[in-house]
Amino acid sequence: MNLNSRIPSGPLEQKWSNHKMNLKLVSPSRRSNYTVLVVGTGLAGASAAASLSEMGYNVKSFCIQDSPRRAHSIAAQGGINAAKNYCNDGDSIFRLFYDTIKGGDYRAREANVYRLAELSNNIIDQCVAQGVPFAREYSGYLANRSFGGAQVSRTFYARGQTGQQLLLGAYGALMKEVGRGNIELFSRREMLDLIVDEAVKGITVRNLISGELETHMADAVVLATGGYSNVFFLSTNAMASNVTAAWRAYKKGACFANPCFVQIHPTCMPLEGDTQSKLTLMSESLRNDGRVWVPKRSGDTRNPSEIPEEERDYFLERIYPSFGNLVPRDVAARSMKKQCDEGRGVGEYKMSVYLDFGKAIDKFGKNVIFEKYGNLFDMYDRITGESPFQVPMRIYPAVHYTMGGLWVDYNLMSTIPGLFVLGEANFSDHGANRLGASALMQGLADGYFVAPATVSDYLASVDPIQKDKSSTLAEDSKQKVNQHISTLLKVKGNKTVDYFHKKLGQIMWNHCGIARTPKGLEEGLSLILELKERFWSEVNVLGSAKDLNQSLEKAGRVADFLEYGELMILDAMSRNESCGGHFREDFQTDKGDPLRNDKDFCHASVWEYKDKNQAPSRHQEELLFENVKLSQRSYE
């Protein structure tokens, strides 16, 4: 396996501009000869499809939902980062680059992260031109607020619904091209196979309404299918979010990088019962004005209003005075878990901490706070029956984002020629921990500005696909997918698909969650192998393959999650260090912070699929730091 990252030479600030000048081009008159498939219609997928279509390529767009507007990007709340320095507080492209590298605990490529910071300002200009209603100051300038891991205000936002507004902008660009007849949109389709013949040739999808299998051949495929957090069952992700498209690509030769890097978001609503199927995100932006605390006395059951100031522990402000409540997500999540483990948690299950807006309301007034966070307060009130204006919110960490993903080079191309991977589905920009408000930035940078240039470079070197050869490949792919579906339906066990998904989630959370130990990982791996064996003998998939069948949909995804959970644990076992969201209890400082091992693990772990009866191979992409100094991360 030759992992050629294709990082351009030259000064960091000039890598992307010089690289673009050296990329090959396709003449406008020839672009209509090429077909590109874009799987996923979130920010990365919608923006890439619209951009490639506007350039003149034939584009087919696929989404698992009934409308592109339901892509999970719509759930993002707090904002999007950019280095505009509107607040005149010392921000710059280099500072955004540095904060992102440091926030990821020095486990991301310098070149990719700098390009992301460099493109961030263009993203804001693009979105403003599309009409995205960013919050503005009284003067008319775009407003900014702070997010974790930064000491400047660089996050642009639209109240607590930034993802929705940005997605509507990208959706508008997408549907404009659909209306012009340049994009063919396929909704309610799930990708079940990647068709490969030395290079990528197409995909096989299932029509989720009719059950019909369809093959679509192309000269390039763009995967923008999001992350794999639902391997934990309980997460902040939409219920339909899954790893299937990426996992099927992995089995066809696309390597997977850093699968154990999972982000636990600290600002989420806590679990409230055994029947819960999803956790709800409370935006990180709330930590601008909300103060996190627990009672100083273990087992204190008083109402928060009855606990005086001197008996409250504002532990993030105490432990990390420089950043306070706006430390990065992995740092905050571990601190919250520690307080609860020590018996100072609050609420019925004692597995949450307070997020208190009392001081901010007294200082700024209720109207100002409502203007900034009103829809988030309303959402919390509707779910819990408690108003954050009257009592503090209760929050606890939950699985949120995945930094691992399919390995890509600087051009965002995987180890399969012609397969490009964008947004959360790739591994490239966030290292071991993503800073808040950077997911939307990466999705739009990849879709609007990177992929249009790099996909063109690839297409310039290949001939359009030959129809006679594609028919054989298509039929072979359909046959394999049909066989897999038939195997699922034939099991006829006595356990539901959700039963196995919940069991898997419990294993992953207990053994590969916020904190990990060698013994716990070994036990988790053993339990997953046992659960996977039981799945293929005890699962009961209702219905048939010839119509709408959500039981079958979920069964295919859970089967992939079972295999993927195994790879996650293998990766966590092999990385003998702590970094960012990967916290091994056997590698920590005296203060309980992650202890990296730069000598042996300053690399991306890249896994190559071999065979179902053979262990995957682990490769390494060494990470070089020429512009920042490797140091112990500190937010004190």
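Up top is the structure these notes are about.
Residues numbered from 1 in each chain as written. Predicted model: local features only at pLDDT ≥ 70, side-chain atom pairs only at ≥ 80, totals over all residues. Heavy atoms only, no water.

Novice: What is the right way to read the overall build of the chain from this model?
Specialist: Helix and strand counts for the chain come out as 16 helices and 19 strands. The C-alpha atoms of the chain give 24 Å as radius of gyration, which agrees with the globular expectation for 636 residues (26 Å, within 12%). Each of the three principal axes of the chain carries a C-alpha extent, and together these read 80 × 60 × 50 Å. Going through the 636 residues of the chain one by one, you find that 60% of them count as buried. Contacts in the chain between residues at least 24 apart in sequence constitute 74% of all its contacts with a sequence separation of at least 6. Surface exposure of the chain reaches about 24,600 Å², of which carbon and sulfur atoms provide 47%. Each charge class in the chain was averaged separately, 75 positive and 75 negative side chains, and the resulting centres sit 2 Å apart. (Helix = DSSP H or I, 4+ residues; strand = E, 2+ residues; numbered from the N terminus. Rg over C-alpha atoms; globule rule 2.2 N^0.38 Å. Buried < 20%, exposed > 50% of the residue type's maximum accessible area, 1.4 Å probe, protein only. Contact = heavy atoms within 4.5 Å. Areas by Shrake-Rupley, 256 points an atom, 1.4 Å probe, with all protein chains shown as cover. Lys, Arg positive; Asp, Glu negative; His and termini not counted. Charge placed at Lys NZ, Arg CZ, Asp CG, Glu CD.)

Novice: What should I look at first to understand the pairing of strand 2 (residues 58-62) in this one?
Specialist: Here is the key point about a regular strand: its side chains alternate between the two faces of the sheet. When strand 1 (residues 35-39) meets strand 2, the two strands line up parallel, connected through five bridges. Looking at strand 2, one finds that Thr35 is bridged to Asn58. Since strand 1 and strand 2 lie parallel, the crossover through helix 2 (residues 43-55) that links them has a hand, and here it is right-handed. Where strand 2 lies against strand 5 (residues 183-186), four bridges are found, and the strand directions are parallel. The residue bridging Val59 from the neighbouring strand is Ile183, located in strand 5. (Pairing = 2+ DSSP bridges. Right-handed = clockwise from strand over helix to strand, strands pointing away.)

Novice: Which parts of the structure should I look at to understand the pattern of salt bridges?
Specialist: When their charged atoms lie close together, side chains carrying opposite charge are able to pair. Applying the stated criterion to the full structure yields 46 salt bridges. Linking Glu317 and Arg291 is a salt bridge whose minimum nitrogen-to-oxygen distance equals 2.9 Å. Within this pair, whereas Glu317 is found in helix 7 (residues 315-319), its partner Arg291 is found in strand 12 (residues 291-295), the two being separated by 26 residues in sequence. For Glu317, a relative accessible area of 27% translates into the label partly exposed. A relative accessible area of 19% means that Arg291 is categorised as buried. Of the charged contacts in the structure, one is a salt bridge between Asp313 and Arg318, with a shortest N-O distance of 2.9 Å. Linked through salt bridges whose partners overlap, the residues forming this network are Asp105, Arg107, Asp330, Arg334, Arg575, Glu577, Arg596, Asp598 and Arg633. (Salt bridge = Lys/Arg side-chain N within 4 Å of Asp/Glu carboxyl O.)

Novice: What is the right way to read the sheet that holds strand 17 (residues 419-421) from this model?
Specialist: The strands making up a sheet associate through hydrogen bonds between their backbones, and the pairing can be parallel or antiparallel. Taken in spatial order, the five strands make up an open sheet running 5-2-1-9-17, and their pairing is parallel. Two strands lie at the open edges of the sheet, namely strand 5 and strand 17, each paired on one side alone. Each strand of the sheet is rotated relative to its neighbour by a mean of 20°, with strand direction disregarded. Its contacts with the sheet place helix 11 (residues 439-459) against strand 1, strand 9 (220-223) and strand 17, and it is angled at close to 155° to strand 9. (Axes fitted to C-alpha atoms, helices over the stretch in contact; angles between N-to-C directions.)

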